[in-house]
Amino acid sequence: MILVQNLHLPLNGNKITFILVVMCLLVVSCKPKQKLVNDRSTRVITNNTTKAKSKVDTIQWTEEILVNEISKMTDQPVELKDQYKIALFIPFNTGNYNSNDFVKQGSSEIRFANYYNGIKMALENLKQEGANFYVNVFDSDSENFEAKLNQCTDYDVVIGPYSRNRLKTAADFCKKNEIVNISPWQASSKITSDNPFHVQLRPNQTDYYEAILQDAITKYSAEQIFLLGRPDKTDRGRIGYFQKMASAMQNLPKGQKPLNEYSIELDSLDNEALTYDNIFIDGDVSVFILPQWSSEDEGFLYDCLRKLAIEKTNHSVVVYGMPIMIDSDRISFDYFQNLNIKVARAKWVDRTDPKVQSFRSSYFQRFNALPVSDALDGYDMMLYIGRNLIKDGKTFQFTLDQDRERYLQTAFDVQKVMQEGEERLDNFNNINYFQNRQLDIISFERDRLIRN
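Described in the following lines is the structure provided in the data block.

## Focus on the overall build of the chain
Stage number 1. A count of helical and extended segments in the chain gives twelve helices and 17 strands.
Stage number 2. Counting the 452 residues in the chain, one finds 51% classified as buried.
Stage number 3. Here the contacts in the chain between residues at least 6 apart in sequence split such that 66% fall between residues at least 24 apart.
Stage number 4. Of the roughly 22500 Å² of accessible surface on the chain, a fraction of 46% belongs to carbon and sulfur atoms.

## Topic: helix α8 (residues 298-311)
Stage number 1. Taking 1.5 Å per residue, 14 residues should reach 20 Å; α8 reaches 20 Å between its end C-alpha atoms and fits that length.
Stage number 2. Across the 14 residues that make up α8, a large majority, ten, are buried.
Stage number 3. Of the residues flanking the end of α8, it is T313, one or two places downstream, whose phi is positive at about 45°.

## Structural notes on the pattern of salt bridges
Stage number 1. Within the structure shown, the criterion is met by 24 salt bridges.
Stage number 2. For the salt bridge of K81 with D156, the shortest nitrogen-to-oxygen distance reads 2.8 Å. Note that K81 is positioned in the loop between α2 (63-74) and β4 (84-90) and D156 in the loop between α4 (145-149) and β6 (157-159), a separation of 75 residues in sequence.
Stage number 3. Given the relative accessible area of 0%, D156 is considered buried.
Stage number 4. A salt bridge links R387 to E405, with the shortest nitrogen-to-oxygen separation between them at 3.2 Å. Of this pair, R387 sits in helix α12 (residues 373-392) while E405 sits in the loop between α12 and β14 (414-418), and the two are 18 residues apart along the sequence.
Stage number 5. By relative accessible area, which is 35% here, E405 ends up partly exposed.
Stage number 6. In the salt-bridge network here, residues are joined through shared partners; they are R230, D232, D235, R238 and D297.

## Focus on the sheet that holds strand β13 (residues 341-345)
Strand-to-strand pairing in sheets goes through backbone hydrogen bonds, with the strands running parallel or antiparallel.
Stage number 1. What the seven strands build is an open sheet, ordered β10-β9-β11-β12-β13-β16-β17; its pairing is mixed. One side of each edge strand has no neighbouring strand; the edge strands of this open sheet are β10 (260-263) and β17 (448-451). Across this sheet, the average inter-strand angle for adjacent strands is 30°, counted without regard to direction.
Stage number 2. As defined by bridge partners, strand β9 (residues 225-229) adjoins β10 across four bridges and the pair is classed as parallel. By the bridge assignment, L228 is partnered in β10 with Y262.

## Some points on the side chain of S443
Stage number 1. Take S443: it is sitting in strand β16 (residues 440-445).
Stage number 2. In this structure the side chain of S443 is engaged in a polar contact, spanning 2.8 Å, whose partner is the side chain of N452.
Stage number 3. Excluding residues that lie within four positions of it along the chain, S443 makes contacts with I341, K342, R448, L449, I450 and N452.

## A look at unusual backbone geometry
Stage number 1. Between G160 and the following residue, P161, the backbone shows a cis peptide bond with an omega angle of 0°.
Stage number 2. Turning to its location among the elements, P161 is positioned in the loop between β6 and α5 (164-177).
Stage number 3. We note that D277 has phi near 50°; this positive angle belongs to a residue other than glycine.
Stage number 4. Structurally, D277 can be placed in the loop between β10 and β11 (285-289).
Stage number 5. Residues other than glycine seldom take positive phi values, yet N340 does so here, at roughly 50°.
Stage number 6. Mapped onto the elements of the fold, N340 is located in the loop between α10 (333-339) and β13.
Stage number 7. Residue classification places N340 among the partly exposed positions, given a relative accessible area of 38%.

## Looking at the environment of Y209
Stage number 1. Relative to the assigned elements, Y209 resides in helix α6 (residues 205-219).
Stage number 2. Spatially, the C-alpha atom of Y209 lies 7.1 Å from that of F242, the residues being 33 residues apart in sequence.
Stage number 3. If near-sequence neighbours (up to four positions away) are discounted, Y209 is found in contact with R238, Y241, F242, M245, P291, W293 and M322.
Stage number 4. At 2.8 Å, the side chain of Y209 forms a polar contact with the side chain of Q205.

## Quick word on the packing of aromatic side chains
Stage number 1. One pass over the full model with this rule turns up 25 aromatic pairs.
Stage number 2. For the pair F89 and F145, a centre-to-centre distance of 5.5 Å together with 70° between the ring planes defines the contact as edge-to-face. Residue F89 is found in strand β4, and its partner F145 is found in helix α4; the two are separated by 56 residues along the sequence.
Stage number 3. Connected via pairs of aromatic rings, a cluster forms that spans F226, Y262, Y276, F280 and F288.
Stage number 4. Geometry around F300 places R230 over its ring, the cationic atom sitting 4.4 Å from the centre.

## Looking at the packing of helix α3 (residues 108-128) against helix α11 (residues 354-367)
Stage number 1. Between α3 and α11, whose axes approach to 11 Å, the crossing angle comes to 110°. Classified by the angle their axes make, α3 and α11 are roughly perpendicular. Together, N114, N117, G118, K120, M121 and E124 of α3 and F359, S362, Y363, R366 and F367 of α11 make up the contact between the two elements.

## Overview of the side chain of N388
Stage number 1. Relative to the helices and strands, N388 resides in helix α12.
Stage number 2. Given a relative accessible area of 1%, N388 falls into the buried group.
Stage number 3. Among the polar contacts made by the side chain of N388, one reaches the side chain of D403 at a distance of 2.8 Å.

## Points about helix α7 (residues 233-249)
Residue pairs three or four apart in sequence face the same way in an α-helix, which turns once every 3.6 residues.
Stage number 1. Here α7 contains 17 residues, and its C-alpha end-to-end distance of 24 Å stays within 8% of the 24 Å for a straight helix at 1.5 Å per residue.
Stage number 2. Every buried residue belonging to α7 is among D235, R238, I239, F242, Q243, M245, A246 and S247, and all of these are buried.
Stage number 3. Packing partners of the buried residues in α7 comprise α6, β9, β10, β11 and α8.
Stage number 4. Count one or two residues on from α7 and you reach N251, which has phi positive near 55°.

Rules and cut-offs
Residues numbered from 1 in each chain as written. Predicted model: local features only at pLDDT ≥ 70, side-chain atom pairs only at ≥ 80, totals over all residues. Heavy atoms only, no water. Helix = DSSP H or I, 4+ residues; strand = E, 2+ residues; numbered from the N terminus. Buried < 20%, exposed > 50% of the residue type's maximum accessible area, 1.4 Å probe, protein only. Contact = heavy atoms within 4.5 Å. Areas by Shrake-Rupley, 256 points an atom, 1.4 Å probe, with all protein chains shown as cover. Expected span 1.5 Å × (residues − 1). Salt bridge = Lys/Arg side-chain N within 4 Å of Asp/Glu carboxyl O. Pairing = 2+ DSSP bridges. Axes fitted to C-alpha atoms, helices over the stretch in contact; angles between N-to-C directions. Polar contact = N/O pair within 3.5 Å; in protein donor to acceptor, adjacent residues only side chain to side chain. Phe/Tyr/Trp six-rings, centres within 6.5 Å; stacked < 30°, edge-to-face > 60°. Lys NZ or Arg CZ within 6 Å of the ring centre and 35° of its normal. Parallel < 35°, antiparallel > 145°, perpendicular 65-115°, else oblique.

Structure below.
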């Protein structure tokens with residue numbers, strides 16, 4: 001059974017607005033009184049061994065043994081319940097409700113309506129899998145946020161909110177009350193500390209850098225790799241961070257810079273002067289890393305790629321970059337093909353995947369619209385959290401690293417972020433928080449973007 005509390009928005013009679021509001025805030029109803037697991041005492045996990053010869057070919061774990069093993073791993077008591085209470089704090093911003101905003105493509109209202117629709121789709125799946133959740137939906141951007149939060153002292157999971165300041169408040173509240181706090185949207189080391197109840201599902205910027213560098217140095221030598229940037233403090237800092245990571249990955253002494261650095265003269269991007277000054281490697285691949293990531297960098301990135309496409313002539317090149325390269329309207333797929341661009345990305349949808357096709361069909365039948373990325377994001381998040389909550393109980397955050405299933409847009413690789421000076425050992429002490437580090441490298445092959 002999954003119960004979802006209703007959330008009322010003011011309506012003004014506008015038909016389009018009414019449809020969208022109902023789409024966003026439809027109550028999920030269900031049959032009363034249904035157990036999470038029909039018989040916990042008889043649930044068995046089987047591990048079949050095929051290679052090693054043994055008198056015992058099958059190991060059977062009863063629920064009691066499984067719970068004890070998890071307790072040993074985490075140093076935390078495992079509490080499995082018949083029903084779990086989940087609070088969703090989503091920024092519907094009903095206090096500043098404006099019917100016109102609901103028909104603006106890309107508005108925050110549309111974005112979070114789609115996100116919530118994806119959550120509802122996941123809750124329906126979880127219900128079919130036997131979940132018994134009580135879900136309460138709050139508007140995190142309207143008034144009385146802390147009063148709403150204080151209603152959740154007996155909840156098992158708090159998801160959100162979006163606002164960084166309110167997320168800090170929620171993280172502290174959940175730490176005090178030993179409630180798992182899921183942050184789907186924010187990634188920062190400044191949200192909370194010494195808090196093993198806080199889980200960030202968005203990778204940090206440095207995780208993107210590490211994914212790019214790991215892929216590059218696995219495939220190419222350090223002599224082939226060039227770090228590109230402007231002659232300013234920001235880009236020098238980015239390049240310096242890459243050098244530190246490369247040195248650590250190769251077990252080199254501190255301070256050593258194993259990768260090539262190349263400073264882009266900005267004036268050369270706008271005239272006929274050579275930007276890259278014949279740095280290309282004859283007879284081998286030249287690998288360029290552009291660490292710029294914000295929308296403010298878009299013009300610079302476009303100009304760098306445009307000049308690179310002109311000046312490389314017959315030389316082979318590979319370019320690594322951040323998600324802005326895919327998101328940019330200025331950077332066409334011609335550049336992806338001609339420059340062999342590879343991008344680190346947390347979420348990517350393969351529309352040929354049967355699971356994605358099935359979801360898109362079900363979503364359209366339910367909401368009379370095709371799902372956008374936010375809908376898939378909400379679906380993946382809720383399915384991931386829900387399944388692990390059912391499996392491992394209230395302290396499921398300690399075993400999230402065991403779930404590497406590929407969902408619609410992503411897999412999850414949630415790891416412990418240790419307190420400063422602590423080794424990342426296989427223990428559960430001195431945890432600052434948990435963070436998802438899963439990233440894919442996306443490239444352009446066979447006339448389409450694919451996940452490597």
